[in-house]
Amino acid sequence: MDAVTTFGKQNRLSISKNFALLLVILFIGCLVGTGVLVYHLSSCTTTTKSIIEKIEVCSKISENVSTTEIVDEKEITTTTAVAITEAAEKGATNKSIDVRLPQSVFPDFYDLKLIPFLQEGNFTFHGQVDIKINVTEKVNNITLHADELVINEASIILHDKENKTIPVLKVGNDSDRQFLVIYLTKELDPETQYNLHIEFTGILNDVMQGFYRSSYLVEQKVRWIAATQFQATDARKAFPCFDEPAMKAKFKLSLARPKNMSTISNMRIISSEAVKEVEDYEWDYYEESVPMSTYLVAFVVSDFVSLHNGNFSVWVRKDAQAQAKYSLDAGPKILKYFEDFFQIKFPLPKLDMIALPDFAAGAMENWGLVTYRETAMLYEEGVSSRSSLQRVTSVIAHELAHQWFGNLVTPKWWTDLWLNEGFASYMEYVGTNAVEPSWKVMDQFVVHELQNVLELDVLKSSHPVSIQVNNPVEINDIFDRISYAKGATIIRMMDYFLSTKIFKQGLTSYLNNRTYSSAEQDDLWAALTEEAHKHNVLNTNLTVKQIMDTWTLQTGFPLVTVTRSYNKNSVSFKQEKFTLQREEHNASQVLWWIPITYISSNNKHINSTWMSVDSNVQLHNITLSDADWLLVNVDQRGYYRVNYDPKNWQLLIKQLLNTNGYTTFSTTNRAQMIDDSLNLAAAGYLDYEIALNLTTYLVHEKDCIPWMSAFESLDYVQEMMVKSADFDKYKFYMTSLIKNIYAHVGFEDSPNNTQLTIYNRMEVLWRACYLGNIDCIKNAVAYFYNWKSAPNADTYNPISPNLKNIIYCVAIRAGGQEEWDFAWQRYLASNVGSEKDIIMSALGCSRETWILSRYLYWAVTDGSGIRKQDSPRVFSSVSSNIIGQDLVYRFFKNNWGLLKQHLGSSLMLLNAVVKTCISHINTEKDLQDFKIFLAAHSEELSVVSKTIEQSLEQIEANVRWMNNHYAKVVEWLKWYKKVHSKLTV
Ligand SMILES: *[C@@H]1O[C@H](CO)[C@@H](O)[C@H](O)[C@H]1NC(C)=O
Ligand SMILES: *[C@@H]1O[C@H](CO)[C@@H](O)[C@H](O)[C@H]1NC(C)=O
Ligand SMILES: [Zn+2]
């Protein structure tokens, strides 16, 4: 699945590291009064699992503390411990139930028949399933999954091979586990196959899970379609089944549809015939599938059109037909590339891809029928931006990589989800690079994945990529950046240390060994180790498992500190766990097997060595003079940060500041030095002065990748300062840094520009306009009015697709209701998903609070024109606007019920909305208020507890930042301003 919803630029800022920063302001306000409170929050963090209960407990204690002048430290600790234990136990009853199916029976074959009804007032489906079941031990019941289905108990029949009926004693329903338990009057025979027949009905829901309905308009008339989304645990909402990934079986589907519509599924249709009982309905009968997991089953009933390229087809609503051309062209190329890459042919007879108007995630890799939200598959030349084109390409590559990695060989259990998602997230870059090499996506990887996830993985509330998960909420929680981006990053690291050739050979042998079956990470490690030993890329006493266990089973990542001994020509490397709070690191040492790579000013050849878990590394006789720099972790191949002794930092900075010499370092290495140094400084490992001095080289930086890193890291500083009295100094600094690059990229977008030039322009203009650059704002507003005054704005838009997000936002921020309404009308009229996304993000830029309130309300109202799938985008766009932050928070609190009702059980959407809602609390009173709210809704909010937990931890870090670094950074900015004002005057 491509689960990570991508927002527009301004939103990305607000939901990545910065969303939490906004929260900080709250803490800054209340710090003086509640230093103790902060202490207690942090002391609780380590002890209990559920944040909701934690907050409840902690807020009680903090009340005690503030009313009692002198408090016995020990007493608090005891009270805390007791209260927490109680709370944790209470929470544990929910979390610890064993939801795994008994392994005594398993499915071999499903014969599934479904009739969905798609008439206003009747969104139901009727179904029946015949499951061939193998029994491995004597049992007198059959336990399988069913959820939100009405089971016709009288219809349940169990036959043995001779077609003799085994009478059913009773039917049980364990709704906590979503189990359907069929108790029998006699024991079943192991080694025998049985046939289980069940009839049922269900509702085509509107929350995009299980078998659901979706709609779109043609000439103002509603058209309905029915589609599925089963990963992770929602196949059981469409038919009773053994809904665990390792319980693979073959499927034979019969799907009915109105005569004028068509169906698609994993396999091909073999025949069709009229449905006897229902007028104007036809059955489509499908061929039997290969053995596959339930979560990969998919089917769609629609009136879409299709385009074909051999056995590869794309399906799309008729009005968007032209937008599917690109994916029809790119899809087969990528599929072919992966066939060569894996050395295994795509095993199914055809592949369909469909763009659905309503889709919760980005896309889903159902075997042979990949489903997408429109913006992840459709691209309209001249309307959609280049980043939208890149997104389409990379999502296709992601889903197609899953056809092997995930579909052909499937993780035994969701614990190994990271293997699936990390791998697909890496291959999305490899696959995109194969078809569009000029985009340099492998360079972008470092910023978008590696550096981005380092920010999240530093939190204590992060988790190891490989993690035990039990119930559906926990399973849902791990569809996160850690599984995807960290997973991808450590797989990339492996690609480097094994070499691509060995890496690919190991993968192929892993896939061939486990075809149509399931596997655990150890199976992959074994296959890779074998290849590595065969070709001597790893020492025979070292295995891939030894190395990779340190990366997959532990949270966080190492900091490698490099200290040179200048008179002895030696270098020492040591490792420790990187934390947000340097002074905190202590005895509990977590260590890694680290692939070290390095280059130096007098030797650009890449040297490498291993740093093991049990020894530090010393390099002797390294021929470096006092004036030579040393650079470690070349191109940021490894998942770690690097710190140096101050002198080596100075040498690196000297090289960077050299107008012609900075390109000695690759663009990714420049990006790495910026990101490492600023993050080391923020966590207290490095003097801020060194990091900020390093950034001054940016005045002559022309490349996009280092700028992306710089903006990402400096946005942190910006967010910390944006409401402070010293913001003018930051503005001066950033304005000076971008002065040259602003002139260099210009406001004019050209189709001949490279992908990275276009991105660079987008990044730079965004900051320039945000910081109030008059030229930038004037340009943006002028473009917008050109468009607004056009006779038909829905067919004529003079704005370059790549600049739309900036221009729309700036003009709506500068304008009033008229501008907003104009954009809203264009949103409603647009036929292109990516255009709608851009407008939606820009609509949150308004400064009129009533408009923003109305907009939020529309985001949770059926029929308003905003789809459920887009609610998070609306909330995120309003909360990244300083004026909207308070509104979003109050909306969340006052309308939590509405929000939950509207988004239903779609945890992915709910989490995304909650994240943005709590991101703008900014007074102590609001924090207290928030805690009271959390306490009162602990039960309902427990589904988003991970999100809340991570936010609160980031807030603490931000508070520390304000205490420890704010003054120092302001001092430096003042100095910078003084020096540079003189120069310009
Ligand atoms: C189930 O049993 C049948 C024969 O009884 C066998 O052909 C089939 O392969 C078995 N299925 C699985 C998944 O082991
Ligand atoms: C929906 O339509 C089908 C077919 O006409 C009918 O059998 C079924 O009872 C209807 N269900 C509801 C809830 O109206
Ligand atoms: Zn995926």
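What counts as what
Residues numbered from 1 in each chain as written. Chains lettered and ligands numbered in written order. Predicted model: local features only at pLDDT ≥ 70, side-chain atom pairs only at ≥ 80, totals over all residues. Heavy atoms only, no water. UniProt positions renumbered as here; feature names shortened; annotations may be inferred. Helix = DSSP H or I, 4+ residues; strand = E, 2+ residues; numbered from the N terminus. Expected span 1.5 Å × (residues − 1). Buried < 20%, exposed > 50% of the residue type's maximum accessible area, 1.4 Å probe, protein only. Pairing = 2+ DSSP bridges. Axes fitted to C-alpha atoms, helices over the stretch in contact; angles between N-to-C directions. Near = heavy atom within 4 Å. Polar contact = N/O pair within 3.5 Å; in protein donor to acceptor, adjacent residues only side chain to side chain. Areas by Shrake-Rupley, 256 points an atom, 1.4 Å probe, with all protein chains shown as cover. Nonpolar A, V, L, I, M, F, W, Y, C, P; charged D, E, K, R; others polar. Donors = N, O, S within 2.8 Å, 3.2 Å for Na, K, Ca; no water. Contact = heavy atoms within 4.5 Å. Disulfide = S-S within 2.5 Å. Phe/Tyr/Trp six-rings, centres within 6.5 Å; stacked < 30°, edge-to-face > 60°. Lys NZ or Arg CZ within 6 Å of the ring centre and 35° of its normal.

Within an unreviewed UniProt entry, the label attached to the protein reads Aminopeptidase, and the organism entered is Aquatica leii. Of the protein, the UniProt comment under Sequence similarities (unreviewed entry) reads exactly: "Belongs to the peptidase M1 family." Its UniProt record gives the protein the following Catalytic activity (unreviewed entry) comment, quoted word for word: "Release of an N-terminal amino acid, Xaa-|-Yaa- from a peptide, amide or arylamide. Xaa is preferably Ala, but may be most amino acids including Pro (slow action). When a terminal hydrophobic residue is followed by a prolyl residue, the two may be released as an intact Xaa-Pro dipeptide."

A.B. asks: Go over helix H6 (residues 325–342) with me, naming the residues and quoting the values.
C.D. replies: Within an α-helix, residues lying three or four positions from one another point in the same direction, as the helix has 3.6 residues per turn. Between its terminal C-alpha atoms H6 stretches 26 Å, which fits the 26 Å expected from 18 residues at 1.5 Å a residue. All of the buried residues in H6 are Tyr326, Ser327, Leu328, Ala330, Gly331, Pro332, Ile334, Leu335, Phe338, Glu339, Phe341 and Phe342. Immediately beyond the C-terminal end of H6, within one or two residues, lies glutamine 343, with a positive phi of roughly 60 degrees.

A.B. asks: Could you give me a rundown of the sheet that holds strand E25 (residues 594–600), with the residues and numbers involved?
C.D. replies: Spatially, three strands are ordered E26-E25-E28 in an open sheet, and the strand pairing comes out antiparallel. Every interior strand has two partners, whereas the edge strands, strand E26 (603–611) and strand E28 (630–632), have only one. If you compare each strand with its neighbour and ignore which way they point, the axes differ by 25 degrees on average.

A.B. asks: Pulling in residues and values, what's your account of the site of ligand 1?
C.D. replies: Around ligand 1 sit Phe106, Asp108, Asn134 and Gln193, and those are all the residues in its vicinity. Contact between ligand 1 and aspartate 108: a nitrogen atom at 3.0 Å from a side-chain N or O atom of the residue. A distance of 2.4 Å separates an oxygen atom of ligand 1 from a polar side-chain atom of asparagine 134. Against a free-state accessible area of 370 Å², the protein chains account for coverage of 45% of ligand 1. Counted by class, the shell around ligand 1 contains one nonpolar, two polar and one charged residues.

A.B. asks: Tell me about the coordination of the zinc ion (ligand 3), and name the residues and values.
C.D. replies: For the zinc ion (ligand 3), the full set of protein donor atoms is Met1 (N), Met1 (O), His398 (NE2), His402 (NE2) and Glu421 (OE), at a range of 2.0 to 2.5 Å. The sequence pattern formed by the donor residues of the zinc ion (ligand 3) is M-x396-H-x3-H-x18-E. Here the residue histidine 398 and the residue histidine 402 both occupy positions in helix H8 (residues 386–402), the gap between them amounting to four residues, near one helical turn. By relative accessible area, which is 0% here, histidine 402 ends up buried.

A.B. asks: Which residues make up the sheet that holds strand E16 (residues 305–309), and what are the values?
C.D. replies: Pairing within the open sheet is mixed, and its five strands lie in the order E16-E17-E18-E20-E19. Either end of the sheet is taken by a strand with one partner, and the two such strands are E16 and strand E19 (363–364). Of the strand pairs in this sheet, E19 and strand E20 (residues 369–373) are connected by two bridges, and their pairing is antiparallel. When the bridges of E20 are listed, methionine 364 appears paired with threonine 371. Packed onto the sheet, H6 meets E16, strand E17 (312–316) and strand E18 (351–356) and runs at close to 145 degrees relative to E17. Of the strands in this sheet, E18, E19 and E20 are in contact with H8, which crosses E20 at around 150 degrees.

A.B. asks: How would you summarise the state of the cysteines if you had to cite specific residues and measurements?
C.D. replies: Going through the model one piece at a time under the given rule, you end up with two disulfides. With its sulfur 2.0 Å from that of its partner, cysteine 769 forms a disulfide with cysteine 776. Taking the sign of the S-S torsion, -95 degrees for the link of cysteine 769 and cysteine 776, the bridge is left-handed. Relative accessible area serves as the criterion here: at 0%, cysteine 776 is assigned to the buried category.

A.B. asks: Hey, could you go over the UniProt feature "site: Transition state stabilizer" (unreviewed entry) in the protein for me, with residue numbers and the actual values?
C.D. replies: UniProt tags Tyr484 as "site: Transition state stabilizer" (unreviewed entry). When you line up the elements, tyrosine 484 lands in helix H12 (residues 481–498).

A.B. asks: Give a detailed account of the site of ligand 2, specifying residues and quantitative values.
C.D. replies: Around ligand 2, the neighbouring residues are Phe117, Asn122, Thr124 and His126. Protein contact buries 44% of the 360 Å² of open area that ligand 2 shows by itself.

A.B. asks: Can you break down the packing of aromatic side chains residue by residue, with the values?
C.D. replies: For the coordinates displayed, the defined rule picks out 65 aromatic pairs. Geometrically, the ring pair formed by phenylalanine 342 and phenylalanine 423 is tilted, given 6.2 Å between the ring centres and 35 degrees between the ring planes. Of this pair, phenylalanine 342 sits in helix H6 while phenylalanine 423 sits in helix H9 (residues 417–435), placing them 81 residues apart in sequence. By relative accessible area, which is 1% here, phenylalanine 423 ends up buried. Measuring from ring centre to ring centre gives 5.6 Å for phenylalanine 892 and tryptophan 896, while their planes differ by 75 degrees; the resulting arrangement is edge-to-face. Relative accessible area serves as the criterion here: at 0%, phenylalanine 892 is assigned to the buried category. By way of ring pairs, the aromatic residues Tyr337, Phe338, Phe341, Phe342, Phe346, Trp404, Phe405, Phe423, Phe503 and Tyr510 are connected into one cluster. The ring of tyrosine 183 has lysine 170 sitting right over it, with the charged end atom 4.7 Å from the ring centre.

A.B. asks: Can you lay out the UniProt feature "binding site: Zn(2+)" (unreviewed entry) in the protein for me, pointing to particular residues and giving the numbers?
C.D. replies: Using the residue numbers shown here, the UniProt feature "binding site: Zn(2+)" (unreviewed entry) corresponds to His398, His402 and Glu421. A maximum C-alpha distance of 8.6 Å among these annotated residues, which run over 24 residues, shows that they cluster at one spot. Excluding residues within four positions of it along the chain, histidine 402 makes contact with Met1, Glu365, Asn407, Asn420, Glu421 and Ala424. There is a polar contact of 3.4 Å between the side chain of histidine 402 and the backbone nitrogen of methionine 1. If you trace the backbone, glutamate 421 turns up in helix H9. On the basis of relative accessibility, which here comes to 0%, the residue glutamate 421 falls in the buried class. Dropping the residues within four chain positions of it, glutamate 421 is found in contact with Met1, Gln231, Glu365, His398, His402, Phe479, Ser483 and Tyr484.

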